[in-house]
Amino acid sequence: MVDALAAALEPWAALYGDHPLLATAILAAHLLALFVGRGVAIAADRALLRADGTARGRVLEELEATHPLVIRMLAVAVASGVLMAAADVATFATSWVYWTKMATFALLLLNGVAMRRAEAAARGAAGTAGGVPTAGATPEDGSGWPALRGAAVRSLGGWGALVLLGVLLTNG
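Some details on the overall build of the chain
Working step 1: Within the chain, the regular secondary structure consists of 7 helices and 2 strands.
Working step 2: Along the chain, from the amino end to the carboxyl end, the secondary structure elements read α-α-α-α-α-α-β-β-α.
Working step 3: Across the chain, the fraction of contacts at a sequence separation of at least 24, relative to all contacts at a separation of at least 6, is 76%.
Working step 4: Accessible surface for the chain amounts to roughly 9400 Å². Of this, 70% is attributable to carbon and sulfur atoms.

Some words on the packing of helix 3 (residues 20–50) against helix 4 (residues 56–86)
Working step 1: Axis separation between helix 3 and helix 4 bottoms out at 8 Å; the angle between their running directions is 155°. As the angle between them shows, helix 3 and helix 4 are arranged roughly antiparallel. The two elements helix 3 and helix 4 meet at a crossing, and its hand is left-handed.
Working step 2: When the residues that make up the contact of helix 3 with helix 4 are grouped by side-chain class, the tally is 20 nonpolar, 5 polar and no charged.

A few points about the side chain of D45
Working step 1: Within the fold, D45 resides in helix 3.
Working step 2: In this structure D45 is buried but unpaired, with R38 as the nearest side chain of opposite charge at 8.7 Å.
Working step 3: Apart from the residues lying within four places of it in its own chain, the contact partners of D45 are M115, A152, S155 and L156.

Focus on the confidence of the model for the chain
Working step 1: Summarising the model, the chain shows a mean pLDDT of 88, and 88% of its residues fall at 70 or more.
Working step 2: Here strand 2 (residues 132–133) stands out as the element of the chain with the lowest mean pLDDT, 46, in contrast to helix 2 (residues 10–18), whose mean of 97 is the highest.
Working step 3: Confidence drops under pLDDT 50 across residues 128–140; counting only partners more than four residues distant or on other chains, this segment forms 27 contacts.

Overview of helix 2
Working step 1: Residues of helix 2 that are buried: W12, A13 and Y16. Looking down the long axis of helix 2, one finds its buried residues gathered within 100° of arc, a one-sided arrangement. Looking at helix 2, the residues exposed on the side facing more than 90 degrees away from the buried face are P11 and D18.
Working step 2: For helix 2, the secondary structure elements touched by its buried residues are helix 3 and helix 4.

Some thoughts on the pattern of salt bridges
Working step 1: Per the stated rule, a full pass over the model turns up 4 salt bridges.
Working step 2: In this structure, R58 and E62 form a salt bridge, with 2.9 Å as the shortest nitrogen-oxygen distance. Here E62 and R58 lie together in helix 4, a separation of 4 residues that amounts to about one turn.
Working step 3: Classification of E62 as partly exposed rests on a relative accessible area of 38%.

The rules behind these values
Residues numbered from 1 in each chain as written. Predicted model: local features only at pLDDT ≥ 70, side-chain atom pairs only at ≥ 80, totals over all residues. Heavy atoms only, no water. Helix = DSSP H or I, 4+ residues; strand = E, 2+ residues; numbered from the N terminus. Contact = heavy atoms within 4.5 Å. Areas by Shrake-Rupley, 256 points an atom, 1.4 Å probe, with all protein chains shown as cover. Axes fitted to C-alpha atoms, helices over the stretch in contact; angles between N-to-C directions. Parallel < 35°, antiparallel > 145°, perpendicular 65-115°, else oblique. Left-handed = near helix turned anticlockwise from the far one by under 90°. Nonpolar A, V, L, I, M, F, W, Y, C, P; charged D, E, K, R; others polar. Buried < 20%, exposed > 50% of the residue type's maximum accessible area, 1.4 Å probe, protein only. Lys, Arg positive; Asp, Glu negative; His and termini not counted. Salt bridge = Lys/Arg side-chain N within 4 Å of Asp/Glu carboxyl O. pLDDT = per-residue confidence, 0-100. Arc of directions from axis to C-beta.

Structure representation (structure tokens):
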């Protein structure tokens, strides 16, 4: 199966291998997307973990605003990652580091879904509309905050693991 896939992707592998500028552009897109997406996510995670009761409404607003950019950067990272993996299917298909990175990425995505749900719970339990508390409610009243904090910790670890696995993949 791997051999058949590698044979089918041979024209792409040849193009990628014969054009260093193309390979460099794809790698740069991959790394820049990860740097930007990771940077924004880490900043949001840090703000969430540091937020006290008075800042939580603002943090919820900022967290909501970060999701579209992080999701776009993840889409660029996925597209560029697929192009790089397609250029050397035989190597990546048999690499435990590659599959560990893919599993970590999947867990990071699932954590993002959990974070969005916890964010909605925190916002809903606090009686917020668009991130702004209503009727004297405060975001810390919501049960979503412990889940948000847990998701932020997992996010920090997941992004760090992705970087480590990416380095191992290129140097191992």
